[in-house]
Amino acid sequence: MVPLKRKRNVANKNPMQHFHLRHLRVTDVSHQSWCELQVVHGFEKPDVRKTINDDPVVLAGSSVHLARELEEHDVVSVSTESREDHWAVKFLNVLTGLTMLKESGRVRELPVFGQVEGIFLVGVIDELHYSPKGELTLSELKTRLRKSLPTAAQRRTHDLQAGIYKLLFDRMVQGKLESETFVQRLQLRLDKQLAPGVCDHAQAVGFHVCTFSDALELLLLNLTHMDTPNIDNLKIEYVHQSTGAPLGIKEVQFSEPRLLAELHYLLSYWTGQREPQGVDIEDSWKCGWCVFTEHCEWRKASVKNTEQSVWNKRRR
Ligand code: SF4
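What you see is a predicted model; the values in this text were computed from it and never measured.

On to the state of the cysteines. For the structure on display, the rule yields zero disulfides. For the unlinked cysteine cysteine 199, the closest cysteine sulfur is that of cysteine 210, found at 5.6 Å.

Here it is in C-alpha cells:
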C-alpha cells in the first residue's frame, strides 16, 4: 500500500458530511472494490465523472436497460417538485413493482433502499423473477463492449452489487425499514404536501396519498403485509452491447456474514474511520483505464515508489 500524504477527513467532517451526501448509491459502494479512490475522485471532480456518464458506451448500456424495461411495462413520467415527491414516487414504484412481481412473476427496475452501518444505500434491481422451481431470482444485466466475459476483478464488483441488492431487498420485504431513518438520514419532512402530479400518479396506480407521511406509511404497511419472499438466487447476465448477443450467465454465491464484513470495511471510509485506498501495486493495471489518473496522488506515489525500487535494485 502507498500512504496518502493529504488527509481527506478535514475539519472533523466525515466524507458523507464533506460531500454533502445523505445517501450512497449501491454502485458507489460496489465500485469501491474496484478502486475506492476512484469513487472518491468521482465526488471530488464531478465534471470528470460526468464524462464517464456521457460516454457512448455507458449511454448504450442505459438504452439496453431501458429497452428491457419497456418489454415489461410503460415508463410513466411524473412531475415532481420536492425531494419528498421524488421519494414518494420511488415508494409507489416499489409497491407497483412488488404487485407486478406477485401477479406476473417478473418485475424490472425495482428500487431498493435501506440503512447499513449507519449509511443509507439506494439502488435499482434490474430484474426479479420466479424460476420454474418457484425460487425468487435476481438477474442483473451487464452489457459488454467486448465479446467476452469480464475479468475476475470486474466480476467482483458485479457480485458485490447483486449481494447488496439482495441484502436491501430482503430487509425491505421483512418489514425492517424504519420511518425515523427517512427523517433523520434523508432529512425528509413528514408533513410535506406532495405535488399534484404525484398525488394523481398515486391515484392512477390505486393509492391515495396527500403528504409524504401518507406515502411512507403506505410503503411500510404494505411491505409488512405483502408476504414477498426473500431472494433465493443471484445471477449476472452478460450481453454484448452492440449486437445484444448473450455472453453468459454467472451465478453469485451469497454469504450474508461475508457481505456484512465487507460492507463494514467499505462503509468505514464513509463514516470517517479511515482514509480511502487506491489500488494495490499488483492491480495498478486498473489505473490505465482510469479517467482520474492525472489527479491521483496514490497513482503518482505508486509510480514514484516503483521507480525508486527499480533504481534501488539497479544500485545493488
Ligand atoms: Fe484508483 Fe489508479 Fe484511478 Fe488512482 S489512478 S483512482 S489508484 S484506478
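Alright, that's what it looks like, and here's the rest.
What follows deals with the site of the ligand. Neighbouring residues of the ligand: Cys35, Leu37, Gln38, His41, Gly278, Val279, Cys287, Cys290, Thr293, Cys296, Trp298 and Arg299. If you list the elements that add at least two residues to the shell around the ligand, you get α2 (26-44) and α11 (297-315). Residues belonging to the shell around the ligand are distributed by class as follows: seven nonpolar, four polar and one charged.

Our focus in this paragraph is the packing of helix α5 (residues 83-104) against helix α9 (residues 212-225). Between α5 and α9, the shortest axis-to-axis distance is 9 Å and the interhelical angle comes to 25 degrees. By the criterion of interaxial angle, the relationship of α5 to α9 is roughly parallel. For the crossing formed where α5 meets α9, the hand is left-handed. Contacts between α5 and α9 involve Glu84, Trp87, Ala88, Phe91, Leu92, Val94, Leu95 and Leu98 on the former and, on the latter, Phe212, Ala215, Leu216, Leu218, Leu219, Asn222 and Leu223.

For the structure on display, the rule yields eight salt bridges. The residue arginine 189 makes a salt bridge to glutamate 84 at a minimum N-O spacing of 2.9 Å. On the criterion of sequence distance, the pair formed by arginine 189 in the loop between α7 (179-184) and α8 (196-204) and glutamate 84 in helix α5 is long-range, its members being 105 residues apart. Arginine 189 gets classed as partly exposed once you look at its relative accessible area, which sits at 45%. Of the residues examined, glutamate 84 reaches a relative accessible area of 1% and is grouped as buried. One connected set of salt bridges, linked through shared partners, spans Arg106, Arg108 and Glu127.

What follows is about the nonpolar core. Ranked by size, the top nonpolar core spans 78 residues in total, and within it Phe113 and Trp270 carry the most contacts. The biggest single contributor to this core is helix α6 (residues 152-173), with ten residues. In this view, tryptophan 270 contacts Asn14, Pro15, Met16, Phe19, Leu21, Leu24, Gln32, Val39, Phe43 and Ile119; residues no more than four positions away in its chain are not counted.

Scanning all chains against the criterion turns up 14 aromatic pairs. Taking 5.6 Å as the distance between ring centres and 80 degrees as the angle between the ring planes, the aromatic pair formed by phenylalanine 43 and tryptophan 270 counts as edge-to-face. Linking phenylalanine 43 in helix α2 with tryptophan 270 in helix α10 (residues 256-270), this pair joins segments that are 227 residues apart in sequence. Side by side, phenylalanine 43 and tryptophan 270 carry an identical accessibility label, which is buried. Here the aromatic rings of tryptophan 87 and phenylalanine 182 are separated by 6.2 Å at their centres, their planes lie at 75 degrees, and the arrangement is edge-to-face. Residue tryptophan 87 is located in helix α5, and its partner phenylalanine 182 is located in helix α7; the two are separated by 95 residues in the primary sequence. Judged by its relative accessible area of 4%, tryptophan 87 is buried. Here phenylalanine 182 falls in the buried class, since its relative accessible area comes to 0%. An aromatic cluster is built from Trp87, Phe91, Phe113, Phe120, Phe182 and Phe212, whose rings are joined through pairwise contacts. The side chain of lysine 166 reaches across the aromatic face of phenylalanine 254, ending 5.0 Å from its centre. Across from the ring centre of tyrosine 265, 3.8 Å away, lies the NZ or CZ of arginine 274, which sits over that ring.

Although it is not a glycine, histidine 20 adopts a positive phi angle of roughly 55 degrees. Along the polypeptide, histidine 20 turns up in the loop between α1 (15-18) and β1 (24-25). With relative accessibility at 67%, the residue histidine 20 sits in the exposed group.

For the rest of this paragraph, the subject is α10. Helix length check: α10 (15 residues) gives 21 Å between terminal C-alpha atoms against 21 Å at 1.5 Å per residue, within 8%. Three or more residues of α10 are buried, namely Leu259, Leu263, Leu266, Leu267, Ser268, Tyr269 and Trp270. Looking at the buried residues of α10, the elements they touch are α1, β1, α2, β2 (106-116), β3 (119-130) and α6. With a side-chain oxygen lying 3.2 Å from the backbone nitrogen of arginine 258, the N-terminal cap of α10 falls on serine 255.

Moving on, we come to the side chain of serine 82. Within the secondary structure, serine 82 is located in the loop between α4 (56-72) and α5. Residue serine 82 is classed as buried on the basis of its relative accessible area, which comes to 16%. Polar contacts involving the side chain of serine 82 include one to the main-chain amide nitrogen of aspartate 85, which spans 3.1 Å.

Rules behind the numbers
- Residues numbered from 1 in each chain as written.
- Predicted model: local features only at pLDDT ≥ 70, side-chain atom pairs only at ≥ 80, totals over all residues.
- Heavy atoms only, no water.
- Disulfide = S-S within 2.5 Å.
- Near = heavy atom within 4 Å.
- Helix = DSSP H or I, 4+ residues; strand = E, 2+ residues; numbered from the N terminus.
- Nonpolar A, V, L, I, M, F, W, Y, C, P; charged D, E, K, R; others polar.
- Axes fitted to C-alpha atoms, helices over the stretch in contact; angles between N-to-C directions.
- Parallel < 35°, antiparallel > 145°, perpendicular 65-115°, else oblique.
- Left-handed = near helix turned anticlockwise from the far one by under 90°.
- Contact = heavy atoms within 4.5 Å.
- Salt bridge = Lys/Arg side-chain N within 4 Å of Asp/Glu carboxyl O.
- Buried < 20%, exposed > 50% of the residue type's maximum accessible area, 1.4 Å probe, protein only.
- Core = buried A, V, L, I, M, F, W, Y, C linked by side-chain atoms within 4.5 Å.
- Phe/Tyr/Trp six-rings, centres within 6.5 Å; stacked < 30°, edge-to-face > 60°.
- Lys NZ or Arg CZ within 6 Å of the ring centre and 35° of its normal.
- Expected span 1.5 Å × (residues − 1).
- Polar contact = N/O pair within 3.5 Å; in protein donor to acceptor, adjacent residues only side chain to side chain.

Read these as spatial facts, not as claims about activity.
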